2 protein chains.
Amino acid sequence: MDRLPGFRDFYPEPLPTPEGWSADLRRHLFTRWRAVAERYGFREYDGPPLEPLELYTAKSGAEIVGQLYNFTDKGGREVALRPEMTPTLARLAAAHERHYKKPLKWFAMPQLFRYERQQKGRLREHFQFNADILGEPDRAADAELIALLIDSLRALGLSAEDFVVRLSSRQAWQDFFARHTTRPDQAYEFYQIVDKLEREPAEVSAPKLEALGLTLEQVRHFIAAGEPTDELRAILANLEARGLGDFVRIDYNVIRGLAYYTGPVYEAFDRKGQFRAIAGGGRYDHLVRLVSGGKVDLPALGFGMGDVVLAELLKARQLVPRWEGRLDAFCLVEDESLRPATLRFIQQLRNAGLTVDYSLTPAKSDRQFKRALELAASHTARLERSTDGELRARLKHLATREERTVSLTDAPAALRQA
Amino acid sequence: MDRLPGFRDFYPEPLPTPEGWSADLRRHLFTRWRAVAERYGFREYDGPPLEPLELYTAKSGAEIVGQLYNFTDKGGREVALRPEMTPTLARLAAAHERHYKKPLKWFAMPQLFRYERQQKGRLREHFQFNADILGEPDRAADAELIALLIDSLRALGLSAEDFVVRLSSRQAWQDFFARHTTRPDQAYEFYQIVDKLEREPAEVSAPKLEALGLTLEQVRHFIAAGEPTDELRAILANLEARGLGDFVRIDYNVIRGLAYYTGPVYEAFDRKGQFRAIAGGGRYDHLVRLVSGGKVDLPALGFGMGDVVLAELLKARQLVPRWEGRLDAFCLVEDESLRPATLRFIQQLRNAGLTVDYSLTPAKSDRQFKRALELAASHTARLERSTDGELRARLKHLATREERTVSLTDAPAALRQA
């Protein structure tokens, strides 16, 4: 029986197939994401993977709504597997923001879902590192968040030579649109066209823009001029003060597809342009009000960073750590009469926090030793009875082949030192 | 807008409502589960939260199938949110077991789902620590797994006074049933009756047993006698050798509801009997063959431990760690002309792995200090220009109020020591 198309199984390394997904790599991403978020003072939250459909309809933009993994549940409710985390966060904040001091600095690592009919081989789920700041209208918050985004990628070994954050402004595009058109109600359609500009041929984009009373030239000129707004200047200055200036550049090609952005927006790309966006985000000052039905009004901003593109990039840059066994000791049982004592010894080592494995059943000495090597154990440990009848542990360091005999009491410390 | 009934939001502590769920407590469980699993040499895996419906029908038993959170997806596929992890594990193992040396010792921490119409206030999802051993028919594997179960609970602060593992045998019950009835095809119905014996009144159980040609007395006598099989004796001896004998007792009331168990089965309960089972598991030697359509035959065993009952128990025993801010430094900006330098200093500290926060926008000195206290920062740090024009960091240890001035280069080490 197979898994559903578009979903992933995560196996322990070494992987059975080169194109498979690694539970160890996923954990590596999660560990680094979490560590950097904490360094920045962000706190973890989560919500359900399943939400009421209406949390997304008309809030996230047509594109994401068209790709919803939605269905009717057994109670007749219209529900959807979450396609993004921001509406859930807005819901949580709207319910209990008064309990927390502002600004909230929160992060999550949800699995997200979408359902597109036609796509071949495209995934229907991914994990996404989400970090958001709520309750702070100042551009200093945008800079803090972009710094976190940059440091999340740096923590995985990527440098300014590997990626760049392309910084833009939804507000600047909104002003541009207001200046050049008489159809302010069609702003969202306009953003969609700009969002696709780099991917679509001019023959497709130009007529769409003309329908809104604009020319492709006007739009291209605005992008080429790339004149940063005061807000973007302040963000750049802030990041430069941190020594992160090399990681950012103004690029009005970026506008973000989602409907709810209101201010600075950005996307991180690999410098070689080999992959889709690694991460993206921006300010969405009205979403909490929208989700709370007008009850709570909180300025907000955030970014998301998916695991799939990131894993591809890390593989291409050879930044995926090789999995290494982390076994402190493999315990050998060569004399079965010593098995009960060895079990107690194993328990003692594990109680001390050491990682220990052994052959569950009687096996030949060389097979046990081979298994210790396969598991990349640091040591083998074997109980032996000394001439005075006392049990002692014979430890062998597998890298150096150095051996020594220690008392059972001293064994945990001896194994930990090495 | 509200979340769906039966689903949980996870907030950062301190929680907004006493009945709410804590992302910090969830993480505490995950961290401990993972650490103990690794000590035992278990490797992490995962599968999709959504699986083909047929992975569960007729394999897990009527009870779980009746509670499936299933639906038809947009492609017309019958799918279900996973109600348990074992069929997914069997699917993964069936696909790639040949790649791995036996036995496989694997763990996962999936979110699981069920949909029951009538239940009020009952959750429709929970997280479950799953650990399994595949490819080892010997009872030593059952003992190893039960030891892991015990140590997972001990790692959370629970002792032999708090919980006990009630050990039983599906095989013993199967033999009992074969001896006393002429309807071997109704074994599963029989297991269901035994499984409910402690919860259902005798007037309900007795007629059901009689329909199978058995009396309630026979069943009760078998339970009361509690004669351990050779297999259970071996498991007990193994656990006693480890010094874990106090955590286990034979109890044939346990039989487990799922259809696929074949050997030793067990459930962990709190000693006071206040809560539902904390964990449960057993041997299921035929499931991999069933899931693989006969292609792969691997003996297997495993247990699951949910987060909901466990969290209730930990709360009742006051074993939930109080959340404590882990901020190494809160950086004060009292002179705004020093903000760019302070941003660079913050970046330097975070690069060194320290947890640092600060006021994103200009704020009065006492407000910044108050915020540092709220966040339970270990230190405040403030840049100041010395008489020679050099910037230095003034560190204040908030517990002792001790202050000292260090060079910017020395600041990370100074903060880390304290």
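Computed from a predicted model, the values in this text were never measured in an experiment.

Trainee: Lay out the overall build of chain A with the relevant residues and their values.
Mentor: For chain A, the count of helices and strands is 14 helices and 19 strands. Taken over the C-alpha trace, chain A has a radius of gyration of 28 Å; the compact-globule value for 418 residues is 22 Å, which it surpasses by more than 25%. In terms of its C-alpha atoms, chain A occupies a principal-axis envelope of roughly 100 × 55 × 45 Å. When burial is assessed residue by residue, chain A has 44% of its 418 residues classed as buried. Relative to all contacts within chain A whose residues are 6 or more apart in sequence, the contacts with residues 24 or more apart total 67%.

Trainee: Give me the sheet that holds strand 16 (residues 356-358) of chain B: which residues, what numbers.
Mentor: All names here are of chain B. Taken in spatial order, the five strands make up an open sheet running 16-15-17-18-19, and their pairing is mixed. The outermost strands of the open sheet, each flanked by one partner alone, are strand 16 and strand 19 (403-407). Between one strand axis and the next, the sheet turns through 30° on average, direction left out of account. As paired strands, strand 15 (residues 329-332) and strand 16 are joined by three bridges and run parallel to one another.

Trainee: Outline the domain arrangement of chain A, listing residues and values.
Mentor: Considered domain by domain, chain A is made up of domain 1 (10-316) and domain 2 (329-417). Taken over C-alpha atoms, the centre of domain 1 of chain A sits 51 Å from the centre of domain 2 of chain A.

Trainee: Would you mind going over the environment of Asn238 of chain B in detail, with residue names and values included?
Mentor: Among the structural elements, Asn238 of chain B can be located in helix 9 (residues 230-241). Classification of Asn238 of chain B by C-beta neighbours within 10 Å gives buried; the count is 23. In sequence terms Asn238 of chain B and Ala143 of chain B are 95 residues apart; their C-alpha atoms lie 6.3 Å from each other. Ignoring sequence-local partners within four residues, the contact set of Asn238 of chain B consists of Leu343 of chain A together with Ala140 and Ala143 of chain B.

Trainee: Run through the pairing of strand 13 (residues 279-283) of chain B, naming residues and quoting values.
Mentor: Residues and elements named next belong to chain B. The buried fraction of strand 13 amounts to five of the five residues, a majority that puts the element mostly inside the structure. Residues Ala279, Gly281 and Arg283 of strand 13 are buried on one face, and the alternating residues Gly280 and Gly282, pointing to the opposite face, are buried as well. Two strands pair when backbone bridges link them, and strand 12 (residues 264-270) and strand 13 are joined in this way by four bridges, in the antiparallel orientation. Bridged to Ala268 within strand 13 is Ala279.

Trainee: Explain the sheet that holds strand 6 (residues 78-81) of chain B to me, using residue names and the numbers behind them.
Mentor: Residue and element names in this part refer to chain B. Spatially, three strands are ordered 4-6-5 in an open sheet, and the strand pairing comes out antiparallel. The open sheet has two edge strands with one neighbour each: strand 4 (50-52) and strand 5 (69-72). Neighbour-to-neighbour, the strand axes of the sheet open up by a mean angle of 35°, direction not taken into account. In this sheet, strand 6 lies alongside strand 4 in antiparallel orientation, the contact comprising three bridges. Directly across from Leu50, in strand 6, lies its bridge partner Leu81.

Trainee: Residue-level account of the packing of helix 1 (residues 23-39) of chain B against helix 4 (residues 139-154) of chain B, with values.
Mentor: Residue and element names in this part refer to chain B. It is at 9 Å that the axes of helix 1 and helix 4 come closest, and there the two elements cross at 145°. The two elements helix 1 and helix 4 cross, and the hand of that crossing is right-handed. Two secondary-structure elements touch here, helix 1 through Trp33, Val36 and Ala37 and helix 4 through Leu148, Asp151 and Ser152. In the contact of helix 1 with helix 4, the residues fall into four nonpolar, one polar and one charged.

Trainee: Can you lay out helix 5 (residues 170-180) of chain B for me, pointing to particular residues and giving the numbers?
Mentor: Residue and element names in this part refer to chain B. Residues of helix 5 that are buried: Arg170, Ala172, Trp173 and Phe177. Projected down its long axis, helix 5 shows its buried positions confined to an angular sector of 160°, all on one face. Away from the buried face of helix 5 by more than 90 degrees, exposed residues Asp175, Ala178 and Arg179 are located. Where helix 5 is buried, its residues meet strand 10 (163-169), helix 6 (187-196), strand 12 and strand 13.

Reading the values: rules and limits
- Residues numbered from 1 in each chain as written.
- Chains lettered and ligands numbered in written order.
- Predicted model: local features only at pLDDT ≥ 70, side-chain atom pairs only at ≥ 80, totals over all residues.
- Helix = DSSP H or I, 4+ residues; strand = E, 2+ residues; numbered from the N terminus.
- Rg over C-alpha atoms; globule rule 2.2 N^0.38 Å.
- Buried ≥ 20, exposed ≤ 12 C-beta atoms within 10 Å, placed from the backbone.
- Contact = placed C-beta atoms within 7 Å.
- Pairing = 2+ DSSP bridges.
- Axes fitted to C-alpha atoms, helices over the stretch in contact; angles between N-to-C directions.
- Domains from an automatic or database assignment.
- Left-handed = near helix turned anticlockwise from the far one by under 90°.
- Nonpolar A, V, L, I, M, F, W, Y, C, P; charged D, E, K, R; others polar.
- Arc of directions from axis to C-beta.

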